[in-house]
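# A structural walkthrough
Residues per chain, in single letters:
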Amino acid sequence: MNHHGIHHVTAIAGNARRNVEFYTRTLGLRLVKKTVNFDDPGTYHLYYGDETGSPGTILTFFPWDHVAPGRLGIGETQETVFRVPEGAIGYWTHRFVENGVAHQAPVKRFGETVLSFKDPHGMRLALVARPGITGEPAWTNGDIPAEVAIRGFHSVNLLLADAAPTGAILTDVLGFTEIGREGSLVRFKAEGTEIGGIVDIHGAGGFLPARMGGGSVHHIAFRAADDAAEAEMVRKLAENHGIRTTEQKDRNYFRSVYFREPGHVLFEIATDVPGFAADEPVARLGEALKLPPFLEGRRAQIEAVLPEVA
Ligand code: ZN
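This text gives an overview of the structure that appears in the document.

Conventions used here
Residues numbered from 1 in each chain as written. Predicted model: local features only at pLDDT ≥ 70, side-chain atom pairs only at ≥ 80, totals over all residues. Heavy atoms only, no water. Helix = DSSP H or I, 4+ residues; strand = E, 2+ residues; numbered from the N terminus. Expected span 1.5 Å × (residues − 1). Buried < 20%, exposed > 50% of the residue type's maximum accessible area, 1.4 Å probe, protein only. Arc of directions from axis to C-beta. Contact = heavy atoms within 4.5 Å. Pairing = 2+ DSSP bridges. Axes fitted to C-alpha atoms, helices over the stretch in contact; angles between N-to-C directions. Donors = N, O, S within 2.8 Å, 3.2 Å for Na, K, Ca; no water. Salt bridge = Lys/Arg side-chain N within 4 Å of Asp/Glu carboxyl O.

### A few points about helix 4 (residues 227–241)
Given a rise of 1.5 Å per residue, 15 residues ought to cover 21 Å, and the 20 Å separating the end C-alpha atoms of helix 4 matches this to within 8%. Along helix 4, the positions that sit buried rather than exposed are Glu230, Met233 and Leu237. Projection of helix 4 onto a plane perpendicular to its axis shows the buried side chains occupying an angular sector of 60°, all on one side. Residues of helix 4 that are exposed and angled more than 90 degrees away from the buried face: Ala228 and Glu239. Of the surrounding secondary structure, the elements contacted by the buried residues of helix 4 are helix 3 (163–172), strand 13 (217–224), strand 15 (255–260) and strand 16 (266–271). Of the residues one or two after helix 4, Gly242 is the one with positive phi, at around 65°.

This is the structure:
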């Protein structure tokens, strides 16, 4: 079994309730974990994904009510892209029109149909139509039919001054291979990984640097099967690329290290284990506010400052 590819994408949102409404109702993802930012426990950390929160399906947010909007630029994620079954683009275009979701006309990229849109806080997203995936399991919120529902990530698109140094990290450390070029895009794929298996680098030369804010992606996490696989990646980063990571941090549902890749995007390596059923059953994921053991003693104060979201 392959354990490479995107583990999760974490972004910055505005109002938490609006974020939950958009991702669970408009897009039909499952809220798989309602917890707090472990480094800032007065704010939520909300996780969306498939039924179990499988690696490669997880989009997470730090919602801050009065966050200033980010500005797209060099050294950040330009677009986060989900997979939908071939033939579903018409359904989604219609849904976006009905729900007032800002979107563009579909375009072709690497031969695939791409429908770009934005969430209510300006995050740049897209859907890609993929053949042959209608039979894959899909979470449904009861409103969006399973045959058109989102099936995890297709890719992320990084806007960088230069594709090569980041490409070297993807290929040497993170299990990707370069598989194609189109215009200023270089496509990398984690072999054997269909869900969350693609990273596109958009080499843009001298563009303004990004300014992080509402709608910006905070970091991209890549998969490691377990602690040993993660440690091996940390060793390669240090020995082959002179990059040091943070120490390993226990995020309750995975264990992570972080580093700034050469193109200035914050990368994380996260273990596939233990997963989101570590502290509540799959049937109840996302219903209760879950706290890590070191914050349980402060539950009353934390609950008092968090707004109701769902
Ligand atoms: Zn993360």
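After that view of the structure, there is still more to cover.
### Quick notes on the sheet that holds strand 6 (residues 107–109)
In space, the 8 strands of this open sheet follow the order 6-7-8-5-9-12-11-10, with mixed pairing throughout. In this open sheet, the two strands that pair with only one neighbour each are strand 6 and strand 10 (176–182). Averaged over all neighbouring strand pairs, the angle between strand axes comes to 30°, with direction disregarded. Pairing of strand 6 with strand 7 (residues 112–118) involves 3 bridges; the strand directions are antiparallel. If you follow Lys108 over to strand 7, its bridge partner there is Thr113. The strands touched by helix 2 (residues 89–99) within the sheet are strand 5 (76–85), strand 7 and strand 8 (124–130), with strand 7 carrying the most contacts at an inclination of about 15°.

### Things to note about the coordination of the zinc ion
Around the zinc ion, the protein supplies His8 (NE2), His219 (NE2) and Glu268 (OE) as donor atoms, at distances of 2.0 Å. Summarised as a motif, the one-chain spacing of the donors to the zinc ion is H-x210-H-x48-E. With His219 in strand 13 and Glu268 in strand 16, this residue pair connects regions lying 49 residues apart in the sequence. Neither His219 nor Glu268 differs from the other in exposure class; each is buried.

### A look at the pattern of salt bridges
Counted according to the given criterion, the structure contains 21 salt bridges. One salt bridge connects Arg18 with Glu21, and the closest N-O pair in it is separated by 3.5 Å. Here Glu21 and Arg18 lie together in helix 1 (residues 16–26), a separation of 3 residues that amounts to about one turn. Overall, the relative accessible area of 36% leaves Arg18 in the partly exposed class.

### Here we look at the sheet that holds strand 1 (residues 6–13)
By way of backbone hydrogen bonds, the strands of a sheet pair with one another, either parallel or antiparallel. Pairing is mixed in the open sheet, where 8 strands are placed in the order 2-3-4-1-13-16-15-14. Edge positions in the open sheet fall to strand 2 (30–37) and strand 14 (249–250), since each of these has one partner strand only. In this sheet, strand 15 lies alongside strand 14 in antiparallel orientation, the contact comprising 2 bridges. Each bridged residue has a counterpart across the sheet, and for Asp250 the counterpart in strand 15 is Arg255. The sheet strands contacting helix 1 are strand 1, strand 2, strand 3 (40–49) and strand 4 (58–63), and the helix crosses strand 3 at an angle near 10°.

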